[in-house]
Amino acid sequence: MKIAKEVISVAFDIGTADIKLVKLKLASGKAELLDFALEPSGADLPAALKKIAQTRAISKINSSVSGAAVIIRYVSFPRMDENELGQAMRFEAAKHIPFSIDDVNIDSYILRNDLPDNKMLVLLVAVKKDFLNQRLTAIEAAGLRPNIIDTDSVALVNIFNFNYSGESQEQMKGKTVAFVNIGASDTNLNIVENAVPRLSRDIHIAGNNFTQKIADVFSLDFKAAENLKLNPDKEKLASICGAVETALANLANEIRVSFDYYESQNASSVGKILLSGGGSNFTGLKDMLANLLGIEVEAWDPLKNIDIANTIDVGQLKLYSSRLAVGLGLALR
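Note that this is a predicted model, so its numbers are computed, not measured.

Enquirer: Quick question: what am I supposed to make of the environment of A53 here?
Expert: Among the structural elements, A53 can be located in helix α1 (residues 45–56). Residue class for A53 comes out buried when judged on its relative accessible area of 3%. Between the C-alpha atoms of A53 and L144, which are 91 residues apart in sequence, the distance is 7.7 Å. Ignoring any residue separated from it by four or fewer positions in sequence, one finds A53 in contact with F12, I58 and L144.

Enquirer: Where do I start with the layout of surface pockets in this structure?
Expert: Over the atoms, a rolled probe matching the size of one water molecule traces out where space is still vacant. Counted as a void, the largest pocket has a volume near 1200 Å³. Forming the boundary of the largest pocket are 45 residues, of which A17, D18, K20, A184 and R323 lie nearest the centre. Here the lining of the largest pocket takes five residues from helix α7 (residues 222–230), the largest share from any one element. Lining the second largest pocket are 35 residues, with L123, D150, V154, N158 and R333 sitting closest to its centre.

Enquirer: Would you explain the pairing of strand β1 (residues 7–14) in this entry?
Expert: Strand residues, when the strand is regular, have side chains that alternate between the two faces of the sheet. Counting buried positions over the eight residues of β1 gives six, a clear majority of the element. Across eight bridges, the pairing between β1 and strand β2 (residues 18–27) is antiparallel. Looking at the pairing, V7 lines up with L26 of β2. Connecting β1 to the antiparallel partner β2 that follows it, the hairpin turn spans three residues.

Enquirer: Sorry if this is basic, but what is going on with the sheet that holds strand β7 (residues 119–128) here?
Expert: Backbone hydrogen bonds hold the strands of a sheet together, and the pairing may be parallel or antiparallel. Strand order across the open sheet formed by three strands is β5-β7-β6, with antiparallel pairing between neighbours. The sheet is open, and its two borders are formed by β5 (70–78) and β6 (104–115), each paired with just one other strand. Shown here is a sheet whose adjacent strand axes are inclined to one another by a mean of 20 degrees, direction ignored. Inspection of the sheet shows β6 paired to β7 by nine bridges, in the antiparallel sense. What sits directly across from Y109, in β7, is L123. Against the sheet, helix α3 (residues 129–141) engages β5, β6 and β7, with an angle of about 65 degrees to β7.

Enquirer: Sorry if this is basic, but what is going on with the packing of aromatic side chains here?
Expert: Two numbers describe a pair of aromatic rings. These are the distance of the centres and the angle of the planes. Counted by the stated rule, this structure contains four aromatic pairs. Seen in terms of ring centroids, F160 and W300 are 5.6 Å apart; in terms of plane orientation they differ by 75 degrees. Their pairing is edge-to-face. In this pair, F160 sits in helix α4 (residues 152–163) while W300 sits in the loop between β13 (296–299) and β14 (307–308), placing the two residues 140 residues apart along the sequence. Considered together, F160 and W300 belong to a single accessibility category, that of buried residues. Put simply, the rings of F160, F179 and W300 touch in pairs and so form one group of aromatic residues. Sitting over the face of the ring of F99, K128 holds its NZ or CZ atom 4.9 Å from the ring centroid.

Enquirer: How should I be thinking about the side chain of N62 in this particular structure?
Expert: Checked against the element boundaries, N62 lands in strand β4 (residues 60–65). Residue N62 is classed as buried on the basis of its relative accessible area, which comes to 2%. Of note is the side chain of N62, whose polar atom sits 3.4 Å from the backbone nitrogen of I148. If sequence neighbours within four positions are ignored, N62 has contacts with S9, V10, A11, F12, N147, I148, L330, A331 and R333.

Enquirer: In this structure, what is going on with the pairing of strand β9 (residues 176–182)? I would like to understand it.
Expert: Here β9 lies mainly inside the structure; seven of its seven residues are buried. Burial along β9 is two-sided: T176, A178, V180 and I182 and V177, F179 and N181, pointing in opposite directions, are all buried. Here β9 folds back onto strand β10 (residues 187–193) in antiparallel fashion, the turn holding four residues. Relative to strand β12 (residues 272–276), β9 runs parallel, the two sharing five bridges. Following the sheet pairing, V180 is matched in β12 by L275.

About the thresholds
- Residues numbered from 1 in each chain as written.
- Predicted model: local features only at pLDDT ≥ 70, side-chain atom pairs only at ≥ 80, totals over all residues.
- Heavy atoms only, no water.
- Helix = DSSP H or I, 4+ residues; strand = E, 2+ residues; numbered from the N terminus.
- Buried < 20%, exposed > 50% of the residue type's maximum accessible area, 1.4 Å probe, protein only.
- Contact = heavy atoms within 4.5 Å.
- 1 Å grid on protein atoms, 1.4 Å probe; cavity = no way out; pocket = protein on both sides within 12 Å on 5 of 7 lines; lining within 4 Å.
- Points joined across faces, edges and corners; volume = space filled by probe spheres on them.
- Pairing = 2+ DSSP bridges.
- Axes fitted to C-alpha atoms, helices over the stretch in contact; angles between N-to-C directions.
- Phe/Tyr/Trp six-rings, centres within 6.5 Å; stacked < 30°, edge-to-face > 60°.
- Lys NZ or Arg CZ within 6 Å of the ring centre and 35° of its normal.
- Polar contact = N/O pair within 3.5 Å; in protein donor to acceptor, adjacent residues only side chain to side chain.

Here's what the structure looks like:
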């Protein structure tokens with residue numbers, strides 16, 4: 001990514017549990033983290049957004065959407081230029097989305113134009129208008145102006161490609177990896193082949209499911225169970241892992257179904273899972289997921305190639321870095 005002049009970009013990753021603020025300075029292909037913050041989403045989303053914005057004098061933001069109202073497809077099209085694709089998109093999209101074409105906003109992007117048989121690979125995104133309008137209304141009610149609305153999945157791929165470009169990107173050639181970003185209520189799954197996304201899916205099993213299982217087993221309220229999940233006693237760790245096993249097995253099964261579908265359509269198989277998201281932050285999850293799927297699982301650093309301003313509390317940043325992946329990807333826009 002080449003950025004000629006210095007730009008300050010602010011992103012709000014609006015999750016079920018938290019709003020994650022990321023502020024980047026972008027210049028000459030580099031990015032510097034100037035600020036970050038986490039604020040509970042709460043019942044009054046505009047008020048939560050306004051609280052962050054006013055304390056930092058923010059007026060314009062990038063944000064994203066995910067979940068059941070968002071459809072992402074990777075479609076093979078006859079080769080054409082972007083203008084032709086724009087004209088054909090409404091008709092073609094109707095073949096690939098389960099909603100009425102009149103009820104969605106559609107966008108597309110050409111990922112590859114060198115497929116066999118004069119074809120190209122197109123990323124197609126459709127978002128239900130009522131869902132998008134609710135998000136835009138909340139942003140504007142907080143006194144903010146939306147700059148770009150992206151999807152969580154695309155943001156994750158953007159920040160990975162930014163951090164693992166150059167030599168690391170060369171090492172990705174011929175390899176297929178899956179990004180699994182576990183949030184509070186949704187898990188974003190992206191399968192990337194040769195650094196190009198090929199499958200994206202939101203799975204409705206995530207951190208809250210793990211917390212609820214812990215609450216049930218230990219007879220705790222949700223807040224206490226969340227604290228136990230993130231700060232387990234050594235004596236209770238085995239019981240905590242046992243409590244979440246059913247929910248994690250259900251998530252692993254959904255991931256395996258996605259892998260099987262991808263592998264049935266392509267010559268390659270997924271060789272590694274790269275894990276992020278606040279819902280992945282408890283001891284034992286990485287190894288449990290690896291055992292359930294029989295595949296290597298490792299955490300990845302969304303700040304790998306991001307410079308850190310000297311005003312940043314590095315200790316706090318380390319605690320929350322895995323939760324900032326989507327926000328960082330949004331701020332790169």
